[in-house]
Amino acid sequence: MLSTAHHADVVIIGAGIAGLSAAHRLISAGVSVSVLEAGPRVGGRMMTDEVDGFLLDHLGPLLNTSYPELSTTPGLDGLVLRNFDPGVLVHSEGRRYRTGETRRHRTGEIRGRRGSRSARGAFKAARALASAPRAPLAGNLTGTMGGAIEQARLGVALARLAATPRDRVLARPERAALDALSGRGLSARTLNGFVRPLLTALLSDPALATSSRCADLALRDYASGRLCVPSGGSATLPELLAAALPPGTVRTGVHVTAADITSVRTKEHGELGCRSLLLATGASAAAELLPGLRVPPFHPVTVLHHTAPAPPPAGASLLLDADHSGPVAHTAVMSEVDPARAPDGRVLISSTVLGARPPDLDRTVRAHLAALYGTPTDDWELLAAHHDPEAVPAMPPPHDPRRPVRLLAGLYVCGDHRDTGSVQGALSSGRRAAGAILTDLGVRAPSGKTAVLPEAA
Ligand SMILES: Cc1cc2nc3c(=O)[nH]c(=O)nc-3n(C[C@H](O)[C@H](O)[C@H](O)COP(=O)(O)OP(=O)(O)OC[C@H]3O[C@@H](n4cnc5c(N)ncnc54)[C@H](O)[C@@H]3O)c2cc1C
């Protein structure tokens with residue numbers, strides 16, 4: 001039994017990346033923390049299963065080396081990121097094109113956070129990988145999409161966005177991403193053949209009904225860094241965070257059934273006391289514990305993993321479908337991107353389907369993959385398929401990417417639903433919540449600065 005008296009200064013409900021990132025910042029400021037996780041493992045949606053030596057993600061995360069929180073969150077120094085290289089291939093009208101590279105992508109130049117000790121590990125790892133010899137383009141590609149002028153125009157538009165400060169992007173007029181795209185001075189071919197499928201993949205939103213500000217932020221991240229995945233599967237990220245916490249901080253298999261500012265009730269261990277409570281669950285679970293909290297609509301996502309006798313021709317690129325000719329939005333030969341995810345000599349192909357789970361999933365996906373890769377898929381074997389109806393919180397306009405994390409003094413909420421529906425958003429919400437708690441407790445952040453992030457209720 002856990003102690004039913006004062007259990008910790010702060011009880012955090014949920015050991016996803018938001019709760020774990022908040023725990024790090026609180027503990028390094030000297031606050032005692034207990035993280036209670038209902039599941040048997042940490043990580044929440046960032047889960048990886050081992051099946052016959054393959055490491056299979058429940059999600060198909062597309063991260064970016066330019067996500068500021070990846071380089072500044074304590075505990076992530078050992079994170080190794082594997083880049084999609086060469087970046088993005090687009091399948092359109094039966095052909096695969098290479099497109100959407102900026103000068104930064106070509107030279108391997110990556111933006112990192114200056115001055116942060118923990119920034120260096122992730123930044124160096126990403127830079128080392130980015131400057132490694134590039135994999136040759138495999139298969140019969142038709143070269144780049146559009147002519148040189150079209151490519152140059154796209155490169156300039158992306159470079160301009162990369163140079164625009166984040167706050168300026170967030171001050172732009174806001175509407176649905178799809179409506180905003182037409183005024184960007186790009187040809188219909190570039191928009192439909194590259195920008196739309198890329199944004200669809202980055203936002204998990206096939207209708208592109210997401211706020212244009214969030215879409216611009218996603219494109220800005222793309223233009224300033226490199227698309228990547230955590231080496232060894234997405235669970236590596238929460239596992240690194242959890243491993244760097246003091247032993248006993250995280251308790252798995254503890255399901256919280258009721259919560260208020262000074263105590264939580266658990267299914268397994270009775271009531272636990274605390275001075276402050278941080279709800280770090282997904283949006284629906286948070287609203288169950290605190291009725292009245294807003295629950296956004298969600299983008300459902302299905303991820304499928306196949307193995308094949310030989311790698312299909314795409315190298316280590318991310319292959320996007322520009323034609324909506326089947327259920328797959330994007331796919332990659334994951335064993336080429338991150339060899340750690342497959343046993344030696346074996347091939348792993350991971351593919352993402354957005355929206356409702358289609359009937360006859362494997363058959364329709366396999367047929368679509370045959371068209372996308374230009375190779376028969378009859379002898380491919382399905383290793384796993386995961387469907388999450390609440391994978392990514394939707395962000396229709398108007399969207400506030402800094403929703404208040406402080407509800408009352410002593411009661412806080414974080415998670416991707418308080419920020420942007422992404423790994424970056426979840427980590428950022430955890431940092432903001434920890435800042436608000438430290439401010440209310442009157443504790444100074446380890447940097448010596450007062451942790452000032454006052455939030456309106
Ligand atoms: C299929 C899929 C694809 C995605 N693709 C991308 C992508 O390409 N790029 C990107 O950046 N992001 C992507 N995301 C989103 C990203 O994974 C999430 O934004 C992020 O992992 C959310 O972290 P979190 O800590 O906010 O929440 P969660 O990971 O949901 O963590 C919440 C935790 O709270 C626990 N919990 C819930 N209720 C209770 C309770 N009552 N008691 C105790 N514990 C409880 C849960 O078990 C869970 O561990 C994707 C997500 C999915 C599912």
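Residues numbered from 1 in each chain as written. Predicted model: local features only at pLDDT ≥ 70, side-chain atom pairs only at ≥ 80, totals over all residues. Heavy atoms only, no water.

1. Let's talk about the overall build of the chain
What counts here: Counting from the N terminus, the helices are the DSSP runs of H or I reaching at least four residues and the strands are the DSSP runs of E reaching at least two. Accessibility here uses a 1.4 Å probe with only protein chains present; expressed as a share of the type maximum, an area under 20% marks a residue as buried, one over 50% as exposed, and anything in between as partly exposed. Note on areas: Shrake-Rupley, 1.4 Å probe, and residue coverage restricted to the protein chains presented here.
Scanning the chain from N- to C-terminus turns up 14 helices and 20 strands. Out of the 457 residues belonging to the chain, those deemed buried represent 56%. For the chain, the accessible surface area stands at approximately 18,100 Å², while carbon and sulfur atoms represent 53% of it.

2. Section: the packing of helix α1 (residues 17-28) against helix α10 (residues 236-243)
What counts is decided by this rule: A fitted line through C-alpha atoms represents every axis, and for helices the fit uses only the stretch in contact; the resulting angles, taken between N-to-C directions, go from 0 to 180 degrees. Should an angle fall under 35 degrees it is called roughly parallel, over 145 degrees roughly antiparallel, and 65 to 115 degrees roughly perpendicular, with every other angle called oblique. By convention, the crossing between two helices is left-handed when the near helix turns anticlockwise from the far helix through less than a right angle, and right-handed when the turn is clockwise. Whether two residues are in contact is decided by their heavy atoms, any of which lying within 4.5 Å being enough.
Look at α1 against α10: their axes get within 9 Å of each other, and the N-to-C directions meet at 30°. For the element pair α1 / α10, the angle class is roughly parallel. As for the relative orientation of α1 and α10, their crossing is left-handed in sense. For the pair α1 and α10, the contacting residues are Ile17, Leu20, Ser21 and His24 in the first and Leu237, Pro238, Leu241 and Ala242 in the second.

3. With respect to the side chain of serine 21
When you line up the elements, serine 21 lands in helix α1. Accessibility expressed as a relative area gives 0% for serine 21, which makes it buried. Not counting residues within four places of it along the chain, the set of residues in contact with serine 21 comprises Thr73, Leu241, Leu427, Gly430 and Arg431.

4. What about helix α14 (residues 423-441)?
To keep things clear, this is the line we draw: Expected span, for any helix, means 1.5 Å times one less than how many residues it has.
In this model, α14 (19 residues) spans 27 Å end to end at C-alpha, consistent with the 27 Å of a helix rising 1.5 Å per residue. Of all 19 residues in α14, 15 are buried, a share of seventy percent or more. Downstream of α14 by one or two residues, glycine 442 has phi in the positive range, about 70°.

5. As for the site of the ligand
Note the cut-off: Throughout this document, a residue counts as near a molecule or strand when at least one of its heavy atoms sits within 4 Å of that molecule or strand. Each polar contact in these results corresponds to two N or O atoms within 3.5 Å; when the atoms are within protein, one needs to be able to donate a hydrogen and the other to accept it, and residues that are neighboring in sequence are counted only if both atoms are side-chain atoms. For this scheme, ten residues count as nonpolar: Ala, Val, Leu, Ile, Met, Phe, Trp, Tyr, Cys and Pro. Four count as charged, namely Asp, Glu, Lys and Arg, and the remainder, Gly too, count as polar.
As a matter of local geometry, the ligand sits amid 35 residues, with Glu37, Arg45, Leu62, Asp416 and Val423 nearest to it. Measuring from an oxygen atom of the ligand, one finds a side-chain N or O atom of glutamate 37 at 2.6 Å. Within the side chain of aspartate 416, an N or O atom sits 2.7 Å from an oxygen atom of the ligand. Its free accessible area being 1,000 Å², the ligand has 92% of it covered by the protein chains. Counting residues per element, the ones that place at least two in the shell around the ligand are α1, β2 (33-37), β18 (381-393) and α14. Classifying every residue of the shell around the ligand by side-chain character gives 20 nonpolar, 11 polar and four charged.

6. Some words on the sheet that holds strand β16 (residues 328-333)
Stated precisely, the cut-off is as follows: When DSSP locates at least two bridges between a pair of strands, those strands are taken to pair.
The mixed open sheet is built from seven strands, whose spatial order is β8-β7-β15-β16-β17-β14-β18. Both outer strands of the open sheet, β8 (95-99) and β18, are each paired with one neighbouring strand and no more. If you compare each strand with its neighbour and ignore which way they point, the axes differ by 25° on average. Alignment of strand β14 (residues 298-307) against strand β17 (residues 349-354), held across six bridges, turns out to be antiparallel. Bridging from a neighbouring strand, threonine 302 pairs with valine 353 of β17. The sheet strands contacting helix α13 (residues 361-373) are β7 (88-92), β8, β14, β15 (318-321), β16, β17 and β18, and the helix crosses β16 at an angle near 65°.

7. Description of the environment of valine 254
By the element assignment, valine 254 lies in the loop between β10 (250-252) and β11 (256-259). On the basis of relative accessibility, which here comes to 3%, the residue valine 254 falls in the buried class. Taking the C-alpha atoms as reference, valine 254 lies 8.6 Å from proline 40; in sequence the two are 214 residues apart. When near neighbours in sequence (up to four residues on either side) are disregarded, valine 254 contacts Leu36, Glu37, Ala38, Thr266, Glu268 and His269.

From the geometry alone we can't say anything about function, so treat these as descriptive.
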